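So the chains spell out like this:
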Amino acid sequence: MQTTIDDDRRPTGGRWADEPEISERNSRVVRLLNVDIDDISMDDLLDLRHGTFITVHTDMMRLFQRDAEFHRMLDKYDLVTCDSQILAFAARLLGTPVRERVSGSDYFPRFYERYADDPTVRIFLCGAKPGVADRARDRINAKVGREIVVGTDSPAFGFEDDPAEVDRVIDKINASGATVLVVGLGAPKQDRFIHTYRSRMPDVELLMPLGGTIDYEAGEVRRPAPWVTDLGLEWVARILGDPKARWKRYLVEQPPVLLQLVKQRFGRYSDPWAR
């Protein structure tokens, strides 16, 4: 089956309406634990102009084992990609390799460079600490040579529990004229925001939950050299860069995911949400 996404087809919720069910798309889907990963290329994802997607990394895989609500959100995404070299290695060891790792932080600069001259692409950045999204906007617009980023907002922690603050953020997104929304609130908060409120943002055609990508674009966080990521060692660089904030996630919380993948290899993995 061809993997190119036809950008004239709009999703009607979940995956493309005229695509086969997942069970009939084995040539395109790789099963890692309880997640179906679409085996697509970066170029395929760049062709997507309408809908939403999620780029799954190891920490998300951990959450999918613990958070049933977050796991159910997977069905609402048009595409699910592999955003982890560790998961790509695991897929290969399971005998179902993906063509490439398609990460959000790699994807987003390619996206705005590809559509730099398309005036219908107007981006809103929602997330990061105060001032960070503004710096990302300025850097992106300088690279592109036009105001492709038309608005930003950095909601306060806990804003999702304040209806007035949620209304303010949505009103600001709508007033900006944005057709693309990047949400960098961390998973699953960013995912919950997108799926709860996307119907209130009718002009936004493409919604991206991209975690720390806004920080990268602002220059707040430096990415390691590509060879580090290619070897699956980006987690080491992150620990060394911020050991106090990162050690627990990478040394305590994520290793059980690797154990679950080993169990899958030997047919011993059990989906916690399977009926």
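Read on for an overview of the structure. These numbers were taken from a predicted model, which means no experiment stands behind them.

For the rest of this paragraph, the subject is the environment of Gln 85. With respect to the helices and strands, Gln 85 occurs in helix H4 (residues 85-93). On the accessibility criterion, Gln 85 (15% relative accessible area) is buried. Between the alpha carbons of Gln 85 and Gly 232 there is a distance of 5.1 Å; along the sequence they are 147 residues apart. Those residues within four positions of Gln 85 in sequence are excluded, and the remaining contacts are Arg 101, Thr 229, Asp 230 and Gly 232.

Turning our attention to the pairing of strand E3 (residues 51-56). With six of six residues buried, E3 lies mostly within the body of the structure. Going residue by residue along E3, you find Gly 51, Phe 53 and Thr 55 tucked away on one face and Thr 52, Ile 54 and Val 56 tucked away on the opposite face as well. By the bridge criterion, two bridges tie E3 to strand E8 (residues 206-209) in an arrangement that is parallel. The partner of Thr 52 across the bridge, within E8, is Leu 207. Bridge count for E3 against strand E4 (residues 79-82) is four bridges, and the pairing is parallel. The residue bridging Thr 55 from the neighbouring strand is Thr 81, located in E4.

To continue, consider empty space enclosed by the protein. Following the criterion strictly, the structure yields two cavities of 30 Å³ or more and no others. A volume near 40 Å³ is recorded for the largest cavity. Together, Arg 49, Phe 111, Thr 120, Val 121, Thr 179, Val 180, Glu 205 and Leu 206 line the largest cavity. Among the residues making up the lining of the largest cavity, the classes are represented as four nonpolar, two polar and two charged.

Right, let's get into the sheet that holds E8. Read from one edge to the other, the open sheet built from six strands follows the order E4-E3-E8-E7-E5-E6, with strand pairing classed as parallel. Whereas interior strands pair on both sides, the edge strands pair on one side only; in this sheet they are E4 and strand E6 (149-153). The mean inter-strand angle of the sheet, taken between neighbouring strand axes irrespective of direction, is 20°. Pairing geometry for strand E5 (residues 123-127) and strand E7 (residues 180-184), over five bridges, is parallel. In the sheet register, Phe 124 faces E7, and the bridge partner there is Leu 181. Sheet strands in contact with helix H7 (residues 163-176) are E5, E6 and E7, and its direction is about 170° off that of E6.

It is worth spelling out the pairing of E7 at this point. Of all five residues in E7, five are buried, a share of seventy percent or more. Residue alternation in E7 divides its side chains into two sets, Val 180, Val 182 and Gly 184 and Leu 181 and Val 183, and both sets are buried. In this structure, E7 lies alongside E8, joined through four bridges in parallel fashion. Paired with Val 180 across the two strands is Leu 206, which belongs to E8. Handedness of the E7-helix H8 (residues 189-197)-E8 crossover: right-handed.

About the thresholds
Residues numbered from 1 in each chain as written. Predicted model: local features only at pLDDT ≥ 70, side-chain atom pairs only at ≥ 80, totals over all residues. Heavy atoms only, no water. Helix = DSSP H or I, 4+ residues; strand = E, 2+ residues; numbered from the N terminus. Buried < 20%, exposed > 50% of the residue type's maximum accessible area, 1.4 Å probe, protein only. Contact = heavy atoms within 4.5 Å. Pairing = 2+ DSSP bridges. 1 Å grid on protein atoms, 1.4 Å probe; cavity = no way out; pocket = protein on both sides within 12 Å on 5 of 7 lines; lining within 4 Å. Points joined across faces, edges and corners; volume = space filled by probe spheres on them. Nonpolar A, V, L, I, M, F, W, Y, C, P; charged D, E, K, R; others polar. Axes fitted to C-alpha atoms, helices over the stretch in contact; angles between N-to-C directions. Right-handed = clockwise from strand over helix to strand, strands pointing away.

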